[in-house]
Amino acid sequence: QVQLVESGGGLVQPGGSLKLSCVASGRIFSNDAMGWYRQAPGKQRELVAVITSGGTTRYGGSAKGRFTISRDNAKNTVYLQMYRLKPEDTAVYYCNALTRSTSWGPAQDYWGQGTQVTVSS
């Protein structure tokens, strides 16, 4: 089993910055991909950004140019640096990992419990 624990959420003013972290623990052989999704009240969960173990990144439309995803493979940790935050960025941010527990087994999808980000003056 794999656990994902997010941290770094909170209240920030419009135009401010925030950095989220997510640590994966448990039976981990490799994290093929790690990423962030978000869900605002009344809306569907959407992709924010994802990064592969090799460092390839993909961003959702709302994150391009303002957010940066990075990871530390040795620490099984993924980060999301958010700049120029807007009120519409307010949401619960969820960490996601596509993780293999063994070299021969399939990758499985894991989710964290989420961290609230509120952008408001």
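Residues numbered from 1 in each chain as written. Predicted model: local features only at pLDDT ≥ 70, side-chain atom pairs only at ≥ 80, totals over all residues. Heavy atoms only, no water.

Asker: So what's going on with the pattern of salt bridges? Residues and values would help.
Answerer: For the structure shown, the criterion picks out four salt bridges. Where Arg38 meets Asp89, a salt bridge forms, and the shortest distance between an N and an O atom there is 2.9 Å. In this pair, Arg38 sits in strand β4 (residues 30-39) while Asp89 sits in the loop between β8 (77-82) and β9 (91-100), placing the two residues 51 residues apart along the sequence. Asp89 shares its class with Arg38; the two are buried. On the basis of relative accessibility, which here comes to 0%, the residue Asp89 falls in the buried class. Residues participating in the shared-partner salt-bridge network are Arg38, Glu46, Arg66 and Asp89. (Salt bridge = Lys/Arg side-chain N within 4 Å of Asp/Glu carboxyl O. Helix = DSSP H or I, 4+ residues; strand = E, 2+ residues; numbered from the N terminus. Buried < 20%, exposed > 50% of the residue type's maximum accessible area, 1.4 Å probe, protein only.)

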